[in-house]
Amino acid sequence: MNQQKYTIKDKDFWKIVCSLGAASFFIFATMYCMQPILPIFTKDFDISISYASLSMSLSTVGLIIGLIVIGFLSDRKGRTLFIHLSIISTTILLFIIPLMESFTLIVFFRFIQGFTLAGVSGAALAYMVEEIDRKHFGFATTLYIASNSAGGMMGRFITGFVAESFSWQTALYILGVFGVIIFLFGFFTLPKSKYFTESTRLFMEDIAGLLYHFKNPSLLLMFGLGIVLQTSFTGMWTFLPFHLLEAPYNLTLQQISYFYFAYSLGVVGAPIAGWLVGRFSLSTMRVAGVIILSAGMFIVLGTSLLAIILGLGIICLGFFVSHSLTTATVSQEATHHKGSASSLYLVAYYIGVSAGTTLLVPIWETFAWQGIVLFAAILPVVYVAIVKILQTKLKRRAESSV
């Protein structure tokens, strides 16, 4: 007899949601933990902002590589193995990195840590697809994505707050202790796979599946949007601490860390977007999210702290609405190999993280905060306008060929 997949009524359903949600929370907290303490690195190691930003951008490069490699391996060796390995290896590195006296070594271990972070990101959703009943998968996914947002928020808050009172090393040790707890919780709570089937495809067949999506213009436009959204969003958050540390604000890192609670609107952004899509089209709501994001960017150009706080909340709401709906669009547009299409979107998404962290440094050095925010506000709108024009041309071409 075939076993029934887990439903919302099953205890193991909630074990999956809680253990993977906690794992996701920890992974995203670790991924973004360096962002608020970049100003500390520039002072402690006497390095440039662009060099300090490598602690973020190179970990993202490691994550991108990990998503591809671990995605391939988890199809063959199982999901839970890589989820557990990801958490424990990421945790170990949190205890190693603070011991490094050379910033080059910190960057190196952050690159390795980026690779280890990919174990959860690359296997968790695949595990959920296999183990959770289709009717309840959407609800489980919403909670999982909310954990991503909450983890990114708390990772920034904890390191920014603790680094000011103690040190950035202490902040990483605290995250490391949290990682040990998460590992033990997941190891004893996450149910073993019941429906995993080892893939027999050759590596080249998987590569062919990935390359197939590059023939789909609609998907390419969505991958590009993923890059653009994250470049703008990450770029703004990367340089916000540097802006608020300067006159006329002269805030401390501890005070700045409270600004990351604007992510709370991101936690509810995805569910709100899902509800509104039932009333409006996916495309309309996705564009609305981009407009909200850009409007928030213009608001943070205001000189008052109230304007900045308001703008940050609007930015987070717009970003997570547009991001969640772009993810949904990718799943819709992919006619084959939907899993690899989602993986490619994640790769594009994290390319945007890397670009927003390091590639915008010249704009900061030349035009300061105003330049960063104007670029972050205009880029998504211009890209969406280009997308609309190209989609219209593609639609006309398809109609004329019928």
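For clarity, every value in this text was computed on a predicted model and none was experimentally measured. (Residues numbered from 1 in each chain as written. Predicted model: local features only at pLDDT ≥ 70, side-chain atom pairs only at ≥ 80, totals over all residues. Heavy atoms only, no water.)

Caption draft 1: Layout of the overall build of the protein. Summing up its helical and strand segments, the protein has 16 helices and zero strands in all. Its C-alpha atoms give the protein a radius of gyration of 21 Å, within 12% of the compact-globule value 21 Å for 402 residues. Along the longest, intermediate and shortest principal axes, the C-alpha atoms of the protein span 65 × 55 × 40 Å. Sorting the 402 residues of the protein into buried and exposed places 53% on the buried side. Split by element, the accessible area of the protein, about 17,700 Å² in all, is 69% carbon and sulfur. Of note, the protein has its 24 positive side-chain charges centred 12 Å away from the centre of its 17 negative side-chain charges. (Helix = DSSP H or I, 4+ residues; strand = E, 2+ residues; numbered from the N terminus. Rg over C-alpha atoms; globule rule 2.2 N^0.38 Å. Buried < 20%, exposed > 50% of the residue type's maximum accessible area, 1.4 Å probe, protein only. Areas by Shrake-Rupley, 256 points an atom, 1.4 Å probe, with all protein chains shown as cover. Lys, Arg positive; Asp, Glu negative; His and termini not counted. Charge placed at Lys NZ, Arg CZ, Asp CG, Glu CD.)

Caption draft 2: Representation of the packing of helix H6 (residues 103-131) against helix H7 (residues 134-165) in the model. For the pair H6 and H7, interaxial distance at closest approach is 10 Å and the crossing angle is 155°. The orientation of H6 relative to H7 falls into the category roughly antiparallel. Viewed along their axes, H6 and H7 form a crossing whose handedness is right-handed. Contacts between H6 and H7 involve Val120, Ser121, Ala124, Leu125, Met128 and Val129 on the former and, on the latter, Phe137, Ala140, Thr141 and Tyr144. Considered class by class, the residues forming the contact of H6 with H7 number eight nonpolar, two polar and no charged. (Axes fitted to C-alpha atoms, helices over the stretch in contact; angles between N-to-C directions. Parallel < 35°, antiparallel > 145°, perpendicular 65-115°, else oblique. Left-handed = near helix turned anticlockwise from the far one by under 90°. Contact = heavy atoms within 4.5 Å. Nonpolar A, V, L, I, M, F, W, Y, C, P; charged D, E, K, R; others polar.)

Caption draft 3: A look at the nonpolar core. Among the nonpolar cores identified, the biggest contains 111 residues, and Leu20, Phe41, Trp168, Trp237, Phe239, Leu312 and Tyr350 are the most heavily contacted of them. For this core, the leading source of residues is helix H10 (residues 217-245), giving 14 residues. Setting aside residues no more than four positions away along its own chain, Trp237 makes contact with Gln35, Phe259, Tyr260, Ala262, Tyr263, Leu312 and Cys316. (Core = buried A, V, L, I, M, F, W, Y, C linked by side-chain atoms within 4.5 Å.)

Caption draft 4: A look at the environment of Phe108. Relative to the assigned elements, Phe108 resides in helix H6. A relative accessible area of 44% means that Phe108 is categorised as partly exposed. For the pair formed by Phe108 and Leu379, sequence separation is 271 residues and the distance between their alpha carbons is 31 Å.

Caption draft 5: Layout of the state of the cysteines. Evaluated as defined, the whole model comprises zero disulfides. No disulfide involves Cys33; its sulfur sits 18 Å from that of Cys316, the nearest cysteine. (Disulfide = S-S within 2.5 Å.)

Caption draft 6: Seen up close, the environment of Gln35. Along the polypeptide, Gln35 turns up in the loop between helix H1 (11-31) and helix H2 (38-44). Spatially, the C-alpha atom of Gln35 lies 7.9 Å from that of Ser53, the residues being 18 residues apart in sequence. Look past the residues within four positions of Gln35 in its chain and what remains in contact with it is Met56, Arg156, Thr234, Trp237, Thr238 and Pro241. In this structure the side chain of Gln35 is engaged in a polar contact, spanning 2.6 Å, whose partner is the side chain of Arg156. (Polar contact = N/O pair within 3.5 Å; in protein donor to acceptor, adjacent residues only side chain to side chain.)

Caption draft 7: Structural view of the packing of H10 against helix H13 (residues 282-299). Running from amino to carboxyl end, H10 crosses H13 at an angle of 20°, the nearest separation of the two axes being 12 Å. Considering their axes alone, H10 and H13 lie roughly parallel with respect to each other. Considering the relative orientation of H10 and H13, their crossing is left-handed. Counting all contacts with H10, which are made through Met222, Leu225, Leu229, Ser232, Phe233 and Met236, the residues of H13 involved are Arg286, Val290, Leu293 and Met297.

Caption draft 8: Main features of the confidence of the model for the protein. Summarising the model, the protein shows a mean pLDDT of 90, and 96% of its residues fall at 70 or more. Mean pLDDT in the protein bottoms out at helix H12 (residues 264-276), which sits at 74, and peaks at helix H8 (residues 168-189), which reaches 97. (pLDDT = per-residue confidence, 0-100.)

Caption draft 9: Structural context of the side chain of Thr189. For Thr189, the location among the structural elements is in helix H8. A polar side-chain atom of Thr189 sits 2.6 Å from the main-chain carbonyl oxygen of Phe185. Those residues within four positions of Thr189 in sequence are excluded, and the remaining contacts are Lys15 and Ser19.

Caption draft 10: Representation of the packing of aromatic side chains. Tallied over the full model, the rule gives 33 aromatic pairs. Note on Phe13 and Trp14: the rings are 5.2 Å apart at their centroids and 85° apart in plane angle, and the pair reads as edge-to-face. Here Phe242 and Trp364 contribute two aromatic rings whose centre-to-centre distance is 6.1 Å and whose plane-to-plane angle is 50°, an arrangement assigned as tilted. Residue Phe242 is found in helix H10, and its partner Trp364 is found in helix H16 (residues 361-401); the two are separated by 122 residues along the sequence. With respect to burial, Phe242 and Trp364 carry one shared label: buried. Aromatic rings pair up to connect Phe233, Trp237, Tyr260, Tyr263, Phe319, Phe320, Tyr345, Tyr349 and Tyr350 into one cluster. One residue, Lys194, lies across the ring of Tyr6, its end atom 4.3 Å from the ring centre. (Phe/Tyr/Trp six-rings, centres within 6.5 Å; stacked < 30°, edge-to-face > 60°. Lys NZ or Arg CZ within 6 Å of the ring centre and 35° of its normal.)

Caption draft 11: Local environment of a nonpolar patch on the surface. A surface patch of nonpolar side chains, about 660 Å² in accessible area, is lined by Phe95, Val177, Val180, Ile181, Leu184, Phe187 and Phe188. Here the element with the most residues in the nonpolar patch is H8; it accounts for six residues. By secondary structure assignment, the location of Leu184 is in helix H8. Assessed through its relative accessible area of 43%, Leu184 is described here as partly exposed. (Patch = residues over 30% accessible without salt bridge, like charges linked within 9 Å, V, L, I, M, F, W, Y side chains within 5 Å. Salt bridge = Lys/Arg side-chain N within 4 Å of Asp/Glu carboxyl O.)

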